[in-house]
Amino acid sequence: MTSLSASGMETLPAPAEAPAILRLMQRIWHIRGEVPLPADLATDEAFARLDPLFAHAGTVHARMGDVVLVTKRDQLAQDPLSVVDSGTLRIEPGEQGPTLRYHLVSRALLYCFLAPLLFLAISQLTVFLGTLDKPTPEEIAKEKAKKDKQGEIKLNPIDKFLGAPAPEKPKDEKKDAKDKKKGDDEENEGFSPITAYVFAGIFAALYVLGRLLEPWLIRRLFQRTLAG
Amino acid sequence: MDGIRVGKRIVGTQSPVTIGWENIPKVEGGTFKRLFFTWFQPAVLFGMIAFWYYAPNSIAKFSTAIGIGIGFRIFLQILEFVNPRHKSWQITWKELATDLFYVGISATCVQLVENYIGSDAIIEALQSTFDFDKFAWFTGLPLLVQALLSLFIFDLGQYWMHRGMHNWYPLWLPHSVHHYITQLNVHKGAVGNPLELFLIGLGIGGLFDFLPRAFLLAGAISMSIGAYQHINVRFDSPRWWRFLFNTTEHHSLHHSQDFESTRSNYSNWFIVIDRMFGTCIDGEAELLGMEGGRRMSIREQMLYPFTEGWKAWKERGVREPMFGDHPTAVPAE
């Protein structure tokens, strides 16, 4: 934790408003919000209460008048602002008195948003490599012979005595033909894209969860901290 | 810190550790809670064995195993909230997302690579080159013997690979990043460089012919024993369990910030292997990680073995032989 205090300096001017489309895109990984300060809480006292939040490993913060700039690196898991990489906290006059306005940037949210695309790309790579690695007729015949052999294997007498089901018998030709389509999928089981699709879905769900949960947790954290 | 003498070595000089089962905190709460967290692990293990032993062929399938595996992980994740071992290991959204990223990479990219250069692919290539068959006699053994023997043989190989990683710099590099985790949670086993995940998965299982049911049994047993290495749940495991199997306590010590403690408890499932070779320490640690508990980003985890390896390679002319015979670290044993 490093603190660069310059409270006596003039405050930073408010940043220029970004175009609407950019602001919309930024909502993916930017967290904006505001929390009204408790009555009679002076700016200095408010920042003093927020100060412990920046006392975590990898955090650098600097105060310039009514603004605090924060940057974070290698945030520990238990850092309450661990999703934040940089941002500003500004105390401004509001309709109902002074208000803390914050604008935080989270690369974790951005990467989580992009992760489904990565896993979809992996799924397509898997499909592509699977087409290059189609088994030859000899390999298919060998695999079938192996399966047939497996069907001939008898259970150990101990397992028989204990009642374990015997291994499946090899399928007959008719059934084989019926299952051929299914078998085609199984032949290339090392190149199934399903796992990658599942993880694309998991990260899409995780992003939605994080986008809703983290801003709520951060707002609650600021509210509680300012309330003392 | 004075440290604690364990056999010939002194542990806990760099970071606090708890040694001895009698010093480890117990599950707190009512009778049901204490009974649940005492017998949950054995109940799951024996339940899984019974299920996979007797399930009809129509159910005893790989897809069923995947479904049970996912369900079990979700249940363990819930247990982390019900009875956490340490508050300082609590899962957060970012931590969960990070862990699942590694799980995803392991389940997709690492699996993809293993199609070409995994141990099974290598063994298959050797078999076709030298024209030798698998050890077919293995399938004649009772199902449980097949499952347990294959797990034990794999774990023996994994023990020496893991111990090698802690003693030989080129293997330490890909493994080192896994030791930067600062807390244990359900999916932390997958956190690490993909190169390490590939190395640790190498085994000689491909040499043996299994009955499919024995293979599924082995998977279920490994899940029922191995799921607790990285987890933030406090269990009061029965004495026989912690004598035979690797527990969260053992593995937390292996991940401790104390260097000497990390050189213990190398096995994956059977801690008796560590007992056999004198590397087992019964105890636990809360403060985990390297460099005083610095958290490593995903980017650094991916690059670290290569950047550090390159640095070591460049320095080879001005220092002792890079991968010389004499280790710079004092052997644990």
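Residues numbered from 1 in each chain as written. Chains lettered and ligands numbered in written order. Predicted model: local features only at pLDDT ≥ 70, side-chain atom pairs only at ≥ 80, totals over all residues.

Undergrad: Which parts of the structure should I look at to understand the interface of chain A and chain B?
TA: Often, the extent of an interface is quoted as the loss of accessible area on bringing the components together. Contact with chain A, which involves 34 residues of that partner, is made by 32 residues of chain B. Sorting elements by how many residues they give to the side of chain A that touches chain B places helix α8 (residues 194–227) of chain A first, with nine residues. Considered class by class, the residues forming the side of chain A that touches chain B number 21 nonpolar, nine polar and four charged. (Contact = placed C-beta atoms within 7 Å. Helix = DSSP H or I, 4+ residues; strand = E, 2+ residues; numbered from the N terminus. Nonpolar A, V, L, I, M, F, W, Y, C, P; charged D, E, K, R; others polar.)

Undergrad: So what exactly am I meant to see when it comes to the confidence of the model for chain B here?
TA: Residues shown with low pLDDT carry predicted positions that ought not to be read at fine detail. Per-residue pLDDT for chain B has a mean of 89; in total, 89% of the residues score no lower than 70. In the predicted complex, the global pTM is 0.87; the interface-specific ipTM is 0.86. (pLDDT = per-residue confidence, 0-100.)

Undergrad: How should the pairing of strand β6 (residues 97–105) of chain A be read in this particular structure?
TA: Residues and elements named next belong to chain A. Where strand β2 (residues 30–36) and β6 come together, seven bridges link them in antiparallel fashion. Bridge pairing in β6 links Pro-36 to Thr-99. Where strand β5 (residues 86–94) and β6 come together, nine bridges link them in antiparallel fashion. Bridged to Thr-88 within β6 is His-103. In textbook terms, the turn of a hairpin is the stretch between consecutive antiparallel strands, and for β5 and β6 this stretch comprises two residues. (Pairing = 2+ DSSP bridges.)

Undergrad: What should I look at first to understand helix α6 (residues 169–176) of chain B in this one?
TA: For an α-helix the count is 3.6 residues per turn, leaving residues at separations of three or four pointing the same way. Along α6 of chain B, the residues that are buried comprise Leu-171, Leu-173, Pro-174, His-175 and Ser-176 of chain B. Those residues of α6 of chain B hidden inside the fold are in contact with α5 (143–165), α7 (194–200) and α13 (298–314) of chain B. (Buried ≥ 20, exposed ≤ 12 C-beta atoms within 10 Å, placed from the backbone.)

Undergrad: Would you mind showing me how to read the packing of α5 of chain B against helix α8 (residues 212–226) of chain B here?
TA: Packed helix pairs are specified by the crossing angle of their axes together with the interaxial distance, meaning the distance between the axes. Residues and elements named next belong to chain B. Relative orientation of the contacting elements α5 and α8 amounts to 55 degrees, with a least axis distance of 8 Å. It follows from the interaxial angle that α5 and α8 lie oblique. Crossing of α5 over α8 shows right-handed handedness. Facing α5, whose interface residues are Leu-143, Leu-144, Gln-146, Ala-147, Ser-150 and Leu-151, α8 presents Arg-213, Ala-214, Leu-217, Ala-218, Ile-221 and Ser-222. The residue inventory of the contact of α5 with α8, partitioned by class, reads eight nonpolar, three polar and one charged. (Axes fitted to C-alpha atoms, helices over the stretch in contact; angles between N-to-C directions. Parallel < 35°, antiparallel > 145°, perpendicular 65-115°, else oblique. Left-handed = near helix turned anticlockwise from the far one by under 90°.)

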